[in-house]
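# Report on the structure
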Amino acid sequence: MRTCRWHIVNARSNSSRQCFRGVKSTETQQVNQSKTVKGKVVDDNGDPLIGVTVAVKGQSGTGCVTDVDGNFSLPVPSNATLVFSYVGYATVTVKAEGQSNLNITMKSDAQELDEVVAIGYGTMKKRDLTGAVSSVKAEDIVRMPTSNVIEAIQGQVAGLDITRSNGEAGSGVNMNLRGVRSINGDNNPLFIIDGMEGSYEELNPNDIASIEVLKGASSTAIYGAAGANGVIIITTKTPKKDKFSIDLDAYYGWNTITSFPKVNTGQDYINFRREAQRAAGVWNGPEDDGKLFPNYMQDYIDKGQWVDWAELASQTGKTQSYNINTSYSNDRMTSYFSLGYYDLEGLLKGDELQRYSARAKFDFKANEMVKYGLNLYAMYSDNDRRYSRIWNRVLCMPPLGTPYDENGKLVDYPLGDGNMNPLADTGSQQYVNNVKTLSVMPQAYVELTPLKGLSFKSVLGGYFRNVKQGIYTGTKSYQGLESGKVTAEVPNTFTYNYKWQNILTYNFKIKDDHEFTVTGVTEWSKDRREKVTAIANGFDTDSYAYHNLGAATGTPTVSSEYVQSQKMSYAARINYSYKGRYLASVSSRWDGSSILAEGNKWDVFPAAALAWRISDEAFMQKFDFISNLKIRAEYGVTGNAGAKEYATLDYSRNGIFGFQDIAVPYSGYQLSIANKDLGWEKSYNFDIGLDLGLFNERISMALDWYRTDTKNLLFKKNLPYSAGGYGSSPFNIWSNVGETRNTGLELSITSRNFTGPKFTWNTTLTFATNKNKVVKTTSEGPLQFNEYYLIPGEAVHTYYGYKYAGIWGTAQADEAAKYSQKPGQVHIAEKGEANYKLNADDYYVLGNADPKWQGSLLNNFTYKNFDLSILVIARWKWTINYGLTGWYRTDGLSPSPVICDYWTPENQSARYPRPDASISNGQDPYQQWANYFDGSYLKVKNITLGYTVPKKLLKKANIERLRFYFTASNPFIYTKCDYLKDYDPEKGGNDDEAPLSKQFVFGVNVSF
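This one's a predicted model, so the numbers in the text were calculated from it and none came from an experiment. (Residues numbered from 1 in each chain as written. Predicted model: local features only at pLDDT ≥ 70, side-chain atom pairs only at ≥ 80, totals over all residues. Heavy atoms only, no water.)

### Considerations on the overall build of the protein
Test applied: Helix numbering and strand numbering both begin at the N terminus, where a helix is a DSSP run of H or I of at least 4 residues and a strand a DSSP run of E of at least 2. For the exposure calls, accessible area comes from a 1.4 Å probe over protein chains only, and a residue counts as buried if that area is under 20% of its type's maximum, exposed if over 50%, partly exposed in between. Contact criterion: two residues are considered in contact whenever any of their non-hydrogen atoms come within 4.5 Å of each other. With residues, only the protein chains shown are counted as cover, and all accessible areas are computed by Shrake-Rupley using a 1.4 Å probe. Counted charges follow a simple rule, with Lys and Arg positive, Asp and Glu negative, and His plus the chain ends left uncounted. To locate a charge, take NZ of a lysine, CZ of an arginine, CG of an aspartate or CD of a glutamate.
Assigned secondary structure in the protein consists of 9 helices and 54 strands. Principal-axis analysis of the C-alpha atoms gives the protein an extent of 105 × 75 × 65 Å. Here the protein, with 1008 residues, has 52% of them falling under the buried criterion. When contacts within the protein are restricted to residue pairs at least 6 apart in sequence, those whose partners lie at least 24 apart make up 69%. Summing over all exposed atoms, the protein offers an accessible surface of approximately 45200 Å²; the carbon and sulfur share of this is 53%. When the 107 positive and 106 negative side-chain charges of the protein are each reduced to one mean point, those points stand 8 Å apart.

### Some remarks on the sheet that holds strand β33 (residues 672-673)
Defined as follows: Strands were regarded as paired on the criterion that DSSP finds at least two bridges between them.
The strand order across the open sheet built from 3 strands is β33-β39-β36, with neighbouring strands paired in mixed fashion. Each end of this open sheet is capped by a strand with a single partner; those strands are β33 and β36 (714-718). Examined bridge by bridge, β33 and strand β39 (residues 732-736) share 2 bridges and lie parallel to one another. Within β39, the residue paired with Ser672 across the bridge is Asn732.

### Points about the confidence of the model for the protein
Keep this limit in mind: Each residue carries a pLDDT value, the predictor's own confidence for that position, ranging from 0 to 100.
Confidence along the protein averages 86 in pLDDT terms, with 92% of residues attaining 70 or more. Here residues 1-32 is modelled with pLDDT under 50, and outside its nearest four sequence neighbours on either side it reaches 88 contacts, counting other chains as well.

### A look at the packing of aromatic side chains
What counts is decided by this rule: Stacked, tilted and edge-to-face pairs are distinguished by plane angle, under 30 degrees for stacked and over 60 for edge-to-face with tilted covering the rest, among Phe, Tyr and Trp rings (Trp via its six-membered ring) whose centres lie within 6.5 Å.
Tallying each qualifying case throughout the model produces 53 aromatic pairs. Between Tyr912 and Tyr979, the aromatic rings sit 6.3 Å apart at their centres with planes inclined by 65 degrees, giving edge-to-face as the arrangement. Taken together, the residues Tyr912 in the loop between β50 (879-881) and β51 (932-934) and Tyr979 in the loop between β53 (961-975) and β54 (997-1007) connect sequence positions 67 residues apart. Each of the two residues, Tyr912 as well as Tyr979, counts as buried.

### Notes on the sheet that holds strand β16 (residues 208-214)
For sheets, the rule is that strands pair by backbone hydrogen bonds, running either parallel or antiparallel. Pairing is mixed across the open sheet formed by 5 strands, whose spatial order is β11-β16-β17-β14-β15. For this open sheet the edge positions go to β11 (133-137) and β15 (196-197), each flanked by a neighbour on one side alone. Relative to β16, β11 runs antiparallel, the two sharing 5 bridges. Bridge pairing in β16 links Val133 to Leu214.

### Remarks on helix α5 (residues 295-303)
Convention followed: The arc in question is formed by the directions pointing from the helix axis toward the C-beta atoms.
Residues Met297, Gln298, Tyr300 and Ile301 constitute the buried set of α5. The buried residues of α5 occupy an angular sector of 160 degrees when the element is viewed end-on, so they sit on one face. Residues of α5 that are exposed and point more than 90 degrees away from the buried face comprise Asn295, Asp302 and Lys303. Packing partners of the buried residues in α5 comprise α4 (266-279). Positive phi shows up at Gly304, right after α5, with a value of about 70 degrees.

### Overview of the pattern of salt bridges
When the charged atoms of two side chains lie near each other, side chains of opposite charge can form a pair. Which entries qualify depends on this criterion: Criterion for a salt bridge: a side-chain nitrogen of Lys or Arg within 4 Å of a carboxyl oxygen of Asp or Glu.
Tallied over the full model, the rule gives 41 salt bridges. Glu561 is the partner of Arg529 in a salt bridge, and the nearest nitrogen-oxygen pair spans 3.4 Å. Note that Arg529 is positioned in strand β26 (residues 514-537) and Glu561 in strand β27 (residues 557-578), a separation of 32 residues in sequence. Relative accessible area serves as the criterion here: at 30%, Arg529 is assigned to the partly exposed category. Between Asp603 and Lys682 there is a salt bridge, and its shortest N-O distance comes to 2.9 Å. Of this pair, Asp603 sits in strand β29 (residues 602-613) while Lys682 sits in strand β34 (residues 681-694); the two residues are 79 residues apart in sequence, bridging distant segments of the chain. You can call Asp603 partly exposed: its relative accessible area is 22%. It is possible to trace a salt-bridge network through shared partners that takes in Arg178, Lys215, Lys630, Arg632, Asp687, Asp691, Asp704 and Glu746.

### Observations concerning the environment of Ser477
Our working definition: Pairs of N or O atoms are called polar contacts if they sit within 3.5 Å, as long as, within protein, a hydrogen donor faces a hydrogen acceptor (for residues adjacent in sequence, only side-chain-to-side-chain pairs).
By the element assignment, Ser477 lies in the loop between β24 (454-473) and α8 (478-483). Classification of Ser477 by relative accessible area gives buried; the value is 0%. Measuring from C-alpha to C-alpha, the distance between Ser477 and Leu423 comes to 8.6 Å, with 54 residues separating the pair along the chain. If near-sequence neighbours (up to four positions away) are discounted, Ser477 is found in contact with Ala424, Asp425 and Gln430. Among the polar contacts listed, one links the side chain of Ser477 to the backbone oxygen of Gly474, at a separation of 2.8 Å.

### Overview of the environment of Leu292
Assignment of secondary structure puts Leu292 in the loop between α4 and α5. Each C-alpha atom of the pair Leu292 and Val282 lies 8.0 Å from the other, and the pair is 10 residues apart in sequence. Leu292 has contacts with Ile270, Arg273, Arg274, Gln277 and Trp283, leaving out every residue within four places of it along the chain.

### Digging into the nonpolar core
For clarity, the cut-off: In these notes, a set of buried Ala, Val, Leu, Ile, Met, Phe, Trp, Tyr and Cys residues joined through side-chain atoms within 4.5 Å is what counts as a nonpolar core.
The biggest cluster of nonpolar side chains holds 67 residues, and the ones touching the most others in it are Trp391, Leu790 and Phe933. Those residues in contact with Phe933, other than ones at most four positions away along the chain, are Trp878, Thr879, Ile880, Tyr882, Thr885, Arg911, Tyr912, Cys977, Tyr979 and Leu980. By size, the runner-up hydrophobic cluster in this structure holds 26 residues, among which are Leu160, Leu203, Ile211 and Tyr377.

### A look at unusual backbone geometry
For Asn712, which is not glycine, the phi dihedral falls at a positive 55 degrees. Position of Asn712 relative to the elements: it lies in the loop between β35 (699-711) and β36. The phi angle at Lys877 is positive, at roughly 60 degrees, despite the residue not being glycine. The residue Lys877 is located in the loop between β49 (866-876) and β50 in this model. By relative accessible area, Lys877 is classed as partly exposed at 43%.

### Some words on the side chain of Asp247
Assignment of secondary structure puts Asp247 in strand β18 (residues 244-257). There is no salt bridge for the buried Asp247, and the closest opposite charge comes from Lys237, which lies 6.1 Å off by N-O distance. At 2.6 Å, the side chain of Asp247 forms a polar contact with the side chain of Ser1007. Excluding anything up to four places from it in sequence, Asp247 contacts Asn323, Ile324, Asn325, Val1006 and Ser1007.

### Observations concerning a nonpolar patch on the surface
Short version of the rule: Residues enter patches when their relative accessible area tops 30% and they take part in no salt bridge; the joining distance is 9 Å for like charges and 5 Å for the nonpolar side chains Val, Leu, Ile, Met, Phe, Trp and Tyr.
The grouping of Tyr372, Val446, Leu448, Phe456 and Leu504 at the surface amounts to a nonpolar patch, some 390 Å² of accessible area in total. Within the secondary structure, Leu504 sits in strand β25 (residues 487-510).

### Side note on the pairing of strand β40 (residues 739-755)
Across 13 bridges, the pairing between β35 and β40 is antiparallel. For Tyr706, the partnering residue across the bridge sits in β40 and is Gly744. Here β40 pairs with strand β41 (residues 759-776) via 16 bridges, running antiparallel. Directly across from Thr743, in β41, lies its bridge partner Lys771.

### Here we look at the environment of Val446
Secondary-structure assignment places Val446 in strand β23 (residues 431-451). Among the residues examined, Val446 registers a relative accessible area of 33% and is labelled partly exposed. It is 5.8 Å that separates the C-alpha atoms of Val446 and Lys457, two residues lying 11 residues apart in sequence.

### Things to note about α4
Spelled out, the test is: Expected span of a helix, by definition, is 1.5 Å for each gap between consecutive residues, and there is one gap fewer than residues.
Taking 1.5 Å per residue as the helical rise, α4 with its 14 residues ought to reach 20 Å, and the 21 Å between its terminal C-alpha atoms agrees with that figure. Buried within α4 we find Gly266, Tyr269, Ile270, Phe272, Arg273, Arg274, Glu275, Ala276 and Gln277. At its buried positions, α4 is contacted by α5. Phi for Gly281, located one or two positions after α4, is positive at around 80 degrees.

### Points about the state of the cysteines
Rules: A pair of cysteine sulfur atoms is labelled a disulfide when the two atoms are within 2.5 Å.
Evaluated as defined, the whole model comprises 0 disulfides. Left unpaired, Cys900 is separated from the closest cysteine sulfur, that of Cys977, by 11 Å.

### Side note on the side chain of Lys630
Of note, Lys630 is situated in strand β30 (residues 626-640). Residue classification places Lys630 among the buried positions, given a relative accessible area of 1%. A distance of 2.7 Å separates a polar side-chain atom of Lys630 from the backbone oxygen of Leu129. With sequence-adjacent residues up to four places away left out, Lys630 is seen in contact with Lys126, Arg127, Asp128, Leu129, Leu583, Ala611, Trp612, Arg613, Ile614, Gly689, Leu690 and Asp691.

Structure below.
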């Protein structure tokens, strides 16, 4: 390795040195000393090292740093032990007793490059990687106080877009890696847990040792069809050798709403209604205030009985987590055991999640040839949920009334009219939605090593999950008041998954320069899901909830379903290294899926990669500031069989109806028609990358450019109504319909800005762009799915519709009249030559729901025993269809969000139409097109401040480490669009789900 020329100190002369004792210099420090030790520090090439920290072991704050010639001078006690440390070099410890002049040689420590990371079906040193791989370590995973492992790494991996769209307790995250490829197929990455495919949702973050994200073509193609959207490998903790340890992690805190738009109340509510009645010709001045509201509403206004329904519906939730683990290792056995408890109260009253988890992990070494082990994880959760639409109920409820009577009981109709109490579900036993989940993930393996470099590992694993849900809507629930129906429902779902994996690995060298690793894999999996649902209607009492369906006055109904699928795979890979400088990897995988049609069930997914470690070449030795330089290129094919089970099976049936003694033939079909030609959705991936390390990895960088072409998209397509259907629903069919393309750039930079004995500062920056577009479809025009449209040349998640052009002003009255509009109404831009008739030909592309770029900035600081980390994330240039502003109502009876500025003859620059009580449904016909906004935001995701108690204070208690910390999650957010300033855009525009929360916790880490 080469000399590091990174200057830490401002050396003004060859003899200048920086020493420290607290904040004092060599000239002023006063210590109990008996001698001065001098010396010089050089690297393994004999060149002086500048800025090496020289410290006295056991005496915090006593030490110095070497000057430009590597020299140092330090007064020390006669029996002192000196510690020499420097970034990128192995620490050196020397006893000063009997020595006054020291010559120290520090050897380069390539620890970061020699770090072993998990890849598909094996591990590899970071320096030997040929593909794009990002890694997140345990300390970065537990920084965020959450039960969701993936949410914990939000913003820490370039190209991995993670968002939450629901703030309910226990809700999951949305994610995609390097953009959206598929339409109806699965866009989630594949999760590999301790070597086998599994579910991350139930893992305890405290059990995780590392997370590797495989992004490149060659690293994901070894997983074939399953790796189409990238691969995330989660490795759980294993004990350190010859050490027994006990670790306890606990925290307690509070959850509050990040922000929630206010609605008009008080005088603002009255003024809005005045304008609505003025537009309707009813109100002309304060003398007409008696005409504003119905009498029953006016009574509440006169009494000042204003109600903040959102505040009554929400709460400050509490969160707590307790995790303990113990581990031990010796030459023959390693063991790890953990227990976890997590409790979260959501933002809605009655929204709560309790989760219990346990992990047992054992590895045994029978002899030099045989190893075997068991990895068992179990989780039980109890989740009480609320009906999520309460949030838009509180928005549309007039801010008046009597929520509770004098006895504290909920009033069914707070205004005495037809408006039901939005809090009705919070009444005792009125709305119950309880979900109990039990998951078990066993895994056993045996590994044989008959010859040096040759190993065979066979792993048998499973995933078993039972979900029992109980739902009850009582007589006084919102649904009960609305429909008069009292219903109990008990769905019970049991999921089975079996996997058997065999891995043969042979590692060998030829003449020391040529190193090969050959891997062969077979993998079989079987998935089965069984569901039984019982429903009963009508109960004389609410006391049973869903526990006694037999007490229903109506006839109970029972339904069931059974779904099964299988996959079989074979894979082979060869990794080659020549002198550690020229690296290559070639792989192929053959996948078969029972989901696809006969003749299309099997396909092959090849991949190849090349890498060149330029920094190891002889001509690079003169560039000694470059410690690592590698270029990479890779190409691979992955697949997706993400259609629904049985999409290729025909369920038509024929028979005879008897009608008045006359036989009438009939034919019956399920809504989903079989596609006998359904095949694989395939992604063709290309990636080129650059890895750069400067000043002995003091600065490290990874840069990647990629392109992914996904063809034969799996799409659930509605057939024309002329083909038939059931009721109002047409037949549909799973088809391979088109092609998408994703291109992007990813950058990750880590810098060790300052590495002193008292103070350190490290920074990690990630930045990623992604541009996805639809290349072609089989449809002649835009193809709609959900709220998006597939349009060749546009993004996958494209919003398409009428283009909002403002509000018609009084000066535009004549032009507005040509569209049967008037001033104060929404102005829609007509496409092309005006014919004054708006239709689908006038639709524009309004934006898309995926960001143009996203990034993060993580700063970690330590000062003495204090540590501070700050994570900032950004998601920029994307469009949000804001559902909450969709509750703007022109009639003035339902309250409108305060953020919605409205047009009046005196305020013609507003965004929203004029209030008008004469509009029957309370909405301008084109009002919805005003709700598309730029969703760009910058968020402080996490701030953690910690303090580690000095070890000398812990010795008597036999405590190895004790750290206290405070964490704030989502404390601050900046939105580019002012209309979103009281909202967290990460959630998306959906107004049905609970808002996101900010969290404040106090915690402790203890190690024995």
